[in-house]
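Here are the chains, one letter per residue:
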Amino acid sequence: MRGRNLRFGFLAATIALLLTAGCITINMPGETTTPPTTPTTPTTPTTPTTPTTPTTPTTPTTPTTPTVPTMPTILPTVPTPTLLPTLPVLQPALGGTEWVLDAIGTPGSLTPALAIKDVTLTFSNTGKVSGNSGCNSYSGSYESFLVGELSVDDIISTMMLCMQTGVMAQEHAFLDALEDAEEYEVEGGKLRISGGGALMVLSHP
């Protein structure tokens, strides 16, 4: 009897251990075994569907105009104007003209001619010069060009002596300036003869 109770107790302890571990299920007589039901996960309520926005009709694409290649504009080359050489001012011919001395000296320092007697200068059409230098008569030859060039050569004069103050000094200055002549200019009815640092201004008689 004791051995039976002991076996029964051991068996009961083993069953209790197995039940605790969840390894076996003991079906009692007359009891239907129902497998344990897995708890059902609650269903998430369905979010109501947002109504679809109607699609905007697509604007038809404008056909692309074909690009016409632009031809480069070529400007005509304008030739640079050639600078013409400055032409000298032409002067009137001296041939056939007569003049009277107004002043003599240097540029910027002219002395008026003496009023005692006129100092004259005549250019012939044959290349000769002549006149009165204030005391003596003189003559010579000349050459002139319309660009204003003048040269006087071979001057000869009489040998008179005049006693008026300044007459002989003016005569020598006039004849020297005439022999040194290099340029002439006619402007405003005045003849200007220059050369060798001297300057004479003459006008028509």
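Refer to the structure presented above.
Below: a short report on this structure. As the structure is a prediction and not an experimental result, all values here were calculated from the model. (Residues numbered from 1 in each chain as written. Predicted model: local features only at pLDDT ≥ 70, side-chain atom pairs only at ≥ 80, totals over all residues. Heavy atoms only, no water.)

1. Regarding the nonpolar core
For step 1, the next point in the chain: One finds Leu 121, Phe 123, Leu 150, Phe 174, Ile 193 and Met 200 to be the most contacted residues of the largest nonpolar core, which totals 23 residues.
For step 2, the next point in the chain: Broken down by secondary-structure element, the contributors of at least two residues to this core are strand S1 (97–106), strand S3 (120–123), strand S5 (137–145), strand S6 (149–157), helix H2 (167–179), strand S8 (190–195) and strand S9 (198–203).
For step 3, the next point in the chain: Take this core: its biggest share by element is four residues, from H2. (Core = buried A, V, L, I, M, F, W, Y, C linked by side-chain atoms within 4.5 Å. Buried < 20%, exposed > 50% of the residue type's maximum accessible area, 1.4 Å probe, protein only. Helix = DSSP H or I, 4+ residues; strand = E, 2+ residues; numbered from the N terminus.)

2. Observations regarding the packing of aromatic side chains
Geometrically, a pair of aromatic rings is defined through the distance of the ring centres and the angle of the planes.
For step 1, the next point in the chain: Applying the stated criterion to the full structure yields two aromatic pairs.
For step 2, the next point in the chain: Taking 5.0 Å as the distance between ring centres and 80° as the angle between the ring planes, the aromatic pair formed by Phe 123 and Tyr 142 counts as edge-to-face. Here Tyr 142 lies in strand S5 and Phe 123 lies in strand S3, a separation of 19 residues in the sequence.
For step 3, the next point in the chain: Classification of Tyr 142 by relative accessible area gives buried; the value is 13%.
For step 4, the next point in the chain: Here the aromatic rings of Tyr 138 and Phe 174 are separated by 5.7 Å at their centres, their planes lie at 65°, and the arrangement is edge-to-face. (Phe/Tyr/Trp six-rings, centres within 6.5 Å; stacked < 30°, edge-to-face > 60°.)

3. Describing the pattern of salt bridges
For step 1, the next point in the chain: Under the criterion given, the structure shown has one salt bridge.
For step 2, the next point in the chain: For the salt bridge of Asp 102 with Lys 190, the shortest nitrogen-to-oxygen distance reads 2.8 Å. Of this pair, Asp 102 sits in strand S1 while Lys 190 sits in strand S8, and the two are 88 residues apart along the sequence.
For step 3, the next point in the chain: Asp 102 gets classed as partly exposed once you look at its relative accessible area, which sits at 27%. (Salt bridge = Lys/Arg side-chain N within 4 Å of Asp/Glu carboxyl O.)

4. Some remarks on unusual backbone geometry
For step 1, the next point in the chain: The backbone phi angle of Asp 154 is positive, close to 55°, even though this residue is not glycine.
For step 2, the next point in the chain: Residue placement: Asp 154 occurs in strand S6.
For step 3, the next point in the chain: Overall, Asp 154 belongs to the exposed group, its relative accessible area being 62%.

5. Overview of the environment of Leu 199
For step 1, the next point in the chain: Locating Leu 199 in the fold gives a position in strand S9.
For step 2, the next point in the chain: Residue classification places Leu 199 among the buried positions, given a relative accessible area of 6%.

6. Section: a negative patch on the surface
For step 1, the next point in the chain: A cluster of acidic residues, Glu 143, Glu 149, Asp 153, Asp 154, Asp 176, Glu 179, Asp 180, Glu 182, Glu 183, Glu 185 and Glu 187, forms a negative patch at the surface.
For step 2, the next point in the chain: When residues of the negative patch are traced back to their parent elements, those giving at least two are S6, H2 and strand S7 (183–187).
For step 3, the next point in the chain: Along the chain, Glu 185 turns up in strand S7. (Patch = residues over 30% accessible without salt bridge, like charges linked within 9 Å, V, L, I, M, F, W, Y side chains within 5 Å. Areas by Shrake-Rupley, 256 points an atom, 1.4 Å probe, with all protein chains shown as cover. Lys, Arg positive; Asp, Glu negative; His and termini not counted. Charge placed at Lys NZ, Arg CZ, Asp CG, Glu CD.)

7. Some details on the pairing of strand S4 (residues 128–132)
For step 1, the next point in the chain: Direction of pairing for S3 relative to S4: antiparallel, over a ladder of two bridges. Opposite Thr 122, over in S4, you have Ser 130 as the bridge partner.
For step 2, the next point in the chain: Linking two consecutive strands that pair antiparallel, namely S3 and S4, is a turn of four residues; a positive phi of about 85° is found at Gly 127 within it.
For step 3, the next point in the chain: Relative to S5, S4 runs antiparallel, the two being bridged by five bridges. Looking at the pairing, Lys 128 lines up with Ser 141 of S5. (Pairing = 2+ DSSP bridges.)

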